[in-house]
Amino acid sequence: MKVLLIEDNIQISKNIVRFLALKDISCDMALDWKDWLHKALVNHYDVIILDINLPLLNWLEVLKSLRERQKDSQIIMLTSNSLKQDIINWLNLWADDYMTKPFDFEELLARLHTLNRRNLKNKSNIINFWKDFIMDIEKTEVRKNNDLIKLSNLEFNLLKYLIQNTSKTISRQELYQKVWGEFDWDIMFSKTVDVYIWYLRKKVWFDMIQTVKWVWYKIN
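Residues numbered from 1 in each chain as written. Predicted model: local features only at pLDDT ≥ 70, side-chain atom pairs only at ≥ 80, totals over all residues. Heavy atoms only, no water.

Asks: So, the sheet that holds strand S4 (residues 74–79): which residues are in play, and what are the values?
Replies: Taken in spatial order, the five strands line up as S2-S1-S3-S4-S5 in an open sheet, and their pairing is parallel. At either end of the open sheet lies a strand with only one pairing partner, and these are strand S2 (26–30) and strand S5 (97–100). For this sheet, the mean inter-axis angle between neighbouring strands, taken without regard to orientation, is 20°. Direction of pairing for strand S1 (residues 2–6) relative to S2: parallel, over a ladder of five bridges. The residue bridging Leu5 from the neighbouring strand is Met29, located in S2. In this fold helix H1 (residues 10–22) packs onto S1 and S2, with an angle of close to 170° to the strand it touches most, S2. (Pairing = 2+ DSSP bridges. Helix = DSSP H or I, 4+ residues; strand = E, 2+ residues; numbered from the N terminus. Axes fitted to C-alpha atoms, helices over the stretch in contact; angles between N-to-C directions. Contact = heavy atoms within 4.5 Å.)

Asks: Got a sec to walk through the pattern of salt bridges? Specific residues and values, please.
Replies: One pass over the structure, following the stated rule, counts eleven salt bridges. As a salt-bridge pair, Lys101 and Asp51 come within 2.7 Å of each other at their nearest N and O atoms. Taken together, the residues Lys101 in the loop between S5 and helix H5 (105–124) and Asp51 in strand S3 (residues 47–51) connect sequence positions 50 residues apart. A relative accessible area of 22% means that Lys101 is categorised as partly exposed. Measuring nitrogen to oxygen at the nearest pair gives 2.9 Å for the salt bridge that ties Glu155 to Lys203. Placement of the pair is Glu155 in helix H6 (residues 153–164) and Lys203 in helix H9 (residues 192–203), with a sequence separation of 48 residues. By sharing partners, the salt bridges in this structure join Glu7, Asp51 and Lys101 into a single network. (Salt bridge = Lys/Arg side-chain N within 4 Å of Asp/Glu carboxyl O. Buried < 20%, exposed > 50% of the residue type's maximum accessible area, 1.4 Å probe, protein only.)

Asks: Kindly report on the packing of aromatic side chains, identifying the contributing residues and their values.
Replies: Centre-to-centre distance and the angle between the planes together describe a pair of aromatic rings. Applying the stated criterion across every chain yields a total of six aromatic pairs. Look at Trp180 and Tyr196: their rings are 5.7 Å apart centre to centre, the planes differ by 80°, and that puts the pair in the edge-to-face class. Linking Trp180 in helix H7 (residues 172–180) with Tyr196 in helix H9, this pair joins segments that are 16 residues apart in sequence. One aromatic cluster is present, built from ring pairs that chain together Tyr176, Trp180, Tyr196, Trp198 and Tyr199. (Phe/Tyr/Trp six-rings, centres within 6.5 Å; stacked < 30°, edge-to-face > 60°.)

Asks: Got a sec to walk through the side chain of Asn116? Specific residues and values, please.
Replies: Structurally, the position occupied by Asn116 is in helix H5. Classification of Asn116 as buried rests on a relative accessible area of 12%. Excluding its chain neighbours within four sequence positions, the residues that come into contact with Asn116 are Met1, Asp46 and Val47.

Asks: Residue-level account of the nonpolar core, with values.
Replies: Phe129, Met135, Val142, Leu158, Leu159, Leu162 and Leu175 are the most contacted members of the largest nonpolar core, which has 22 residues in total. Of all the secondary-structure elements, those providing two or more residues to this core are strand S7 (133–136), H6, H7 and H9. Core analysis: the second largest hydrophobic core is formed by 18 residues, Trp36, Leu54, Ile87 and Ala95 among them. (Core = buried A, V, L, I, M, F, W, Y, C linked by side-chain atoms within 4.5 Å.)

Asks: Just give me the short version of the confidence of the model for the protein, but keep the residues and values in it.
Replies: Low pLDDT marks stretches whose predicted atomic positions should not be read closely. Predicted confidence across the protein gives a mean pLDDT of 81, with 86% of residues reaching 70 or more. Here helix H8 (residues 185–188) is the element of the protein with the lowest mean pLDDT, 60, and H1 is the one with the highest, 94. (pLDDT = per-residue confidence, 0-100.)

Asks: If you had to explain the pairing of S4 to someone new, which residues and values would you point to?
Replies: Remember that side chains alternate between the two faces of the sheet whenever the strand is regular. Burial analysis of S4 places six of its six residues in the buried class, the great majority of the element. Residues Gln74, Ile76 and Leu78 of S4 are buried on one face, and the alternating residues Ile75, Met77 and Thr79, pointing to the opposite face, are buried as well. In this sheet, S4 lies alongside S3 in parallel orientation, the contact comprising five bridges. Bridged to Ile48 within S4 is Ile75. Of the pairings in the sheet, the one linking S4 to S5 comprises four bridges and is parallel in character. The partner of Met77 across the bridge, within S5, is Tyr98.

Asks: Give a description of unusual backbone geometry that names residues and reports values.
Replies: A cis geometry characterises the amide bond from Lys101 onward to Pro102, with omega recorded as -10°. Examined against the element boundaries, Pro102 turns out to sit in the loop between S5 and H5. With a phi angle near 60°, Asp24 is a residue other than glycine that sits in the positive phi range. On the secondary structure map, Asp24 appears in the loop between H1 and S2. Looking at Asp24, the relative accessible area reads 71%, which means it is exposed. Look at Thr140: it is not a glycine, yet its phi comes out positive at around 50°.

Here it is, written out as structure tokens:
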């Protein structure tokens, strides 16, 4: 697990980093907005610990910015005097959990593990398969830059099978059997697969699916 800690109190930050290191958790510190922005741009973090009481910053914008840069990360807020309604709003919008200062380090550890398990579960259903495209298997959705691409169930299942077999050359026969659930020799000479491949190229990305010798397909 890799963690980013955004906290301006150096001593608290060092104590948390040392404690997490004893638990085999890598934790980077960020003491100001330039530091956290740089780290969030160049690194990926499983969990981000964010003190929302740092001065001179709009924390709604900070949470939004972190979420945009770390789409797959879990965010836990640290707060000492925020209003309950503010916390509820932040949880509804961008954050995943919160703790009130002062807090117990063992409880923080437990919450980090819980958030990371949730993250791993979510990732198992999400595939970043091409450029800025993401497939959510559980929701049967495909998005580009968070914009939904409308696919039929058959188009989604066809794309999912191709993605799950990336770099493998797949025959029409295999696609009919695995996606359509049927096969006979008359189907081999129909244009059904070709038509649906064309639909996917048009809706997702034209160069994504490669045709091999006219009767096989694969994801580049």
